[in-house]
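The lines below spell out each chain.
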Amino acid sequence: MARIDLDLAHAYRPNPQRDEDYALLPLKMSFVDGGAYALLGPSGCGKTTMLNIISGLVKPSHGTVKFDGKDVTALTPQQRNIAQVFQFPVIYDTMTVAQNLAFPLKNRGVAPERIKQRVGQIAEMLEMSGQLNMRAAGLAADAKQKISLGRGLVREDVSAVLFDEPLTVIDPHLKWQLRRKLKQIHHELKLTLIYVTHDQIEALTFADQVVVMTRGRAVQVGSASDLFERPQHTFVGHFIGSPGMNFLSARRTASGLDVAGHALAATGRVPASADAFTLGVRPEYVTLAHPNDAGAVPATVTQAQDIGTYWLVSATVGSGTNASTVRARIGPDQRIPKVGDGVWLGIVGTHTCWYRNEELVA
């Protein structure tokens with residue numbers, strides 16, 4: 001395994017001048033030896049470009065890639081000793097499951113007894129021991145992708161294993177099982193794993209550290225708890241969670257705080273500057289409050305949805321240009337307001353975040 005250090009930028013067009021010209025804006029990032037990482041973001045954010053730069057399929061237009069301190073920017077994937085698993089299965093249909101798993105090891109001259117042992121170990125981890133003698137051609141798409149995952153994991157000498165949205169063709173229930181298996185395999189084999197996905201559930205359940213990306217920029221690296229509790233960027237607050245974080249315009253005033261046109265008493269966590277900023281609070285931390293409670297604003301309910309284990313209540317705060325929608329997750333044991341009801345929503349508390357220019361300031 002290897003520590004991977006990136007200090008680079010990448011543009012597919014010559015002479016980039018603006019941020020929009022870059023697929024990856026200048027960044028410095030490290031992946032520690034033996035870590036499990038996910039690159040998470042919407043289509044076009046740069047996550048696959050970053051993965052392909054790490055693997056050697058793409059050479060960065062600016063900067064360097066280092067493995068354990070050695071500059072590998074000009075080296076091929078083979079020279080970097082990388083295993084990569086793609087979105088669709090890459091296997092040999094004419095071979096059996098066992099032969100497919102053994103192929104990367106045979107190519108490297110591994111002893112037959114060790115090959116048999118390693119193939120058995122990986123097959124057992126992927127719950128494919130009973131299919132080892134079956135030809136790959138007769139298997140379903142999800143089983144073929146499990147073989148592809150196994151081919152990426154079977155080598156013990158790789159610098160890293162890279163996954164490019166490998167569960168796209170997998171049945172939703174099997175996806176959950178395979179994510180759990182990959183997590184287990186990581187803990188057992190201590191491989192450096194980097195996993196690209198646009199699915200936050202995949203990223204947060206698989207990785208120890210998630211790199212959230214948008215517009216060619218890595219805006220936060222952190223654990224699931226970090227991303228949920230203290231998003232460092234408004235995009236993280238919006239992208240992580242279902243639904244994402246609520247955002248309301250706010251500013252300091254002489255008497256306290258103005259949120260969406262409503263005066264509130266200021267708290268110690270509010271930025272000291274009088275400049276305009278943005279209040280962010282997750283639906284999980286919005287509460288039904290009493291009129292004029294500290295940290296609460298008046299709102300009008302526009303929708304109440306029964307999700308099963310909770311109700312998702314949407315309400316409008318403010319009016320005109322100050323109007324914003326706030327969503328709250330309300331337990332079924334509480335009184336659920338109806339559409340059109342006037343309510344007070346507690347939005348300022350220990351879980352409230354404050355942003356300026358999209359960046360967390362308090």
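It should be noted that the structure appears before, not after, this text.
Each value, and the rule that gives it
- Residues numbered from 1 in each chain as written.
- Predicted model: local features only at pLDDT ≥ 70, side-chain atom pairs only at ≥ 80, totals over all residues.
- Heavy atoms only, no water.
- Helix = DSSP H or I, 4+ residues; strand = E, 2+ residues; numbered from the N terminus.
- Buried < 20%, exposed > 50% of the residue type's maximum accessible area, 1.4 Å probe, protein only.
- Contact = heavy atoms within 4.5 Å.
- Areas by Shrake-Rupley, 256 points an atom, 1.4 Å probe, with all protein chains shown as cover.
- Lys, Arg positive; Asp, Glu negative; His and termini not counted.
- Charge placed at Lys NZ, Arg CZ, Asp CG, Glu CD.
- Pairing = 2+ DSSP bridges.
- Right-handed = clockwise from strand over helix to strand, strands pointing away.
- Axes fitted to C-alpha atoms, helices over the stretch in contact; angles between N-to-C directions.
- Salt bridge = Lys/Arg side-chain N within 4 Å of Asp/Glu carboxyl O.
- Polar contact = N/O pair within 3.5 Å; in protein donor to acceptor, adjacent residues only side chain to side chain.
- Phe/Tyr/Trp six-rings, centres within 6.5 Å; stacked < 30°, edge-to-face > 60°.
- Lys NZ or Arg CZ within 6 Å of the ring centre and 35° of its normal.

Our next topic: the overall build of the protein chain. The helix and strand tally for the protein chain stands at nine helices and 21 strands. Taking the principal axes of its C-alpha atoms as reference, the protein chain extends roughly 75 × 50 × 30 Å. Scored against the burial criterion, the 362 residues of the protein chain give a buried share of 50%. Residue pairs at least 24 apart in sequence account for 67% of intrachain contacts in the protein chain once pairs closer than 6 positions are excluded. For the protein chain, the accessible area works out to roughly 16700 Å², and carbon and sulfur atoms hold 50% of it. Between the averaged position of the 37 positive side-chain charges in the protein chain and that of its 33 negative side-chain charges there is a distance of 3 Å.

With that settled, the discussion passes to the pairing of strand β7 (residues 160-164). Of all five residues that make up β7, five are buried, and the element is covered over most of its length. Where strand β6 (residues 82-85) and β7 come together, four bridges link them in parallel fashion. Each bridged residue has a counterpart across the sheet, and for Q84 the counterpart in β7 is L162. Inspection of the sheet shows β7 paired to strand β8 (residues 193-197) by four bridges, in the parallel sense. Opposite D164, over in β8, you have V196 as the bridge partner. Each parallel crossover has a hand, and for β7 linked through helix α6 (residues 172-189) to β8 it is right-handed.

The subject of this paragraph is the sheet that holds strand β4 (residues 62-67). One open sheet holds the four strands; their spatial order is β2-β1-β4-β5, and the pairing between them is antiparallel. Taken across any chain shown, the strands that pair with only one partner, and hence form the sheet edges, are β2 (24-31) and β5 (70-71). Alignment of strand β1 (residues 4-10) against β2, held across six bridges, turns out to be antiparallel. Each residue of the ladder has a partner; that of D5, found in β2, is S30. Against the sheet, helix α1 (residues 47-55) makes contact with β1, β2 and β4, and its axis sits at roughly 55 degrees relative to β2, the strand it touches most.

This next bit is on the pattern of salt bridges. Counted by the stated rule, this structure contains 13 salt bridges. R3 is paired through a salt bridge with D5; the nearest N and O atoms lie 3.1 Å apart. Relative accessible area serves as the criterion here: at 19%, D5 is assigned to the buried category. A salt bridge links R114 to E156; the nearest nitrogen and oxygen atoms lie 2.6 Å apart. Of this pair, R114 sits in helix α4 (residues 112-125) while E156 sits in the loop between α5 (141-153) and β7; the two residues are 42 residues apart in sequence, bridging distant segments of the chain. Of the residues examined, E156 reaches a relative accessible area of 45% and is grouped as partly exposed. Here the salt bridges share partners, and the residues they tie into one network are R13, R18 and D21.

Of note, T352 is situated in the loop between β19 (342-346) and β20 (353-356). Only 2.7 Å separates the side chain of T352 from the backbone oxygen of I347, close enough to count as a polar contact. In terms of polar contacts, T352 uses its side chain to reach the backbone amide nitrogen of G349, at 2.8 Å.

What follows is about the packing of aromatic side chains. Counting across every chain of the model gives eight aromatic pairs. For the ring pair F235 and F239, a centre distance of 5.2 Å and an interplane angle of 20 degrees mean the geometry is stacked. Separated by four residues within a single helix, F235 and F239 lie in helix α9 (residues 234-239), roughly one turn from each other. The pair formed by F235 and F239 is uniform in burial state, with each residue classed as buried. Among the aromatic residues, ring-to-ring pairing joins F163, Y195 and F206 into one connected group. Positioned over the ring face of F228 is R282, at 4.5 Å from the centre of the ring. Across the ring face of Y310, the terminal group of R329 is positioned such that the distance to the ring centre comes to 3.6 Å.

The next point concerns the side chain of D5. The topology assignment puts D5 in strand β1. Looking at D5, its side chain comes within polar contact range of the side chain of R3, at 3.1 Å. Of note is the side chain of D5, whose polar atom sits 2.5 Å from the side chain of S30. Here D5 is in contact with M29, S30, T64, V65 and K66, once residues within four sequence places are set aside.

Residue S242 is joined to P243 through a cis peptide bond whose omega torsion reads -5 degrees. Structurally, P243 can be placed in the loop between α9 and β11 (246-253). The phi dihedral of E127 falls on the positive side, at around 55 degrees, and the residue is not glycine. Assessed through its relative accessible area of 52%, E127 is described here as exposed. Of note, the phi angle at K190 is positive, near 60 degrees, even though the residue is not glycine.

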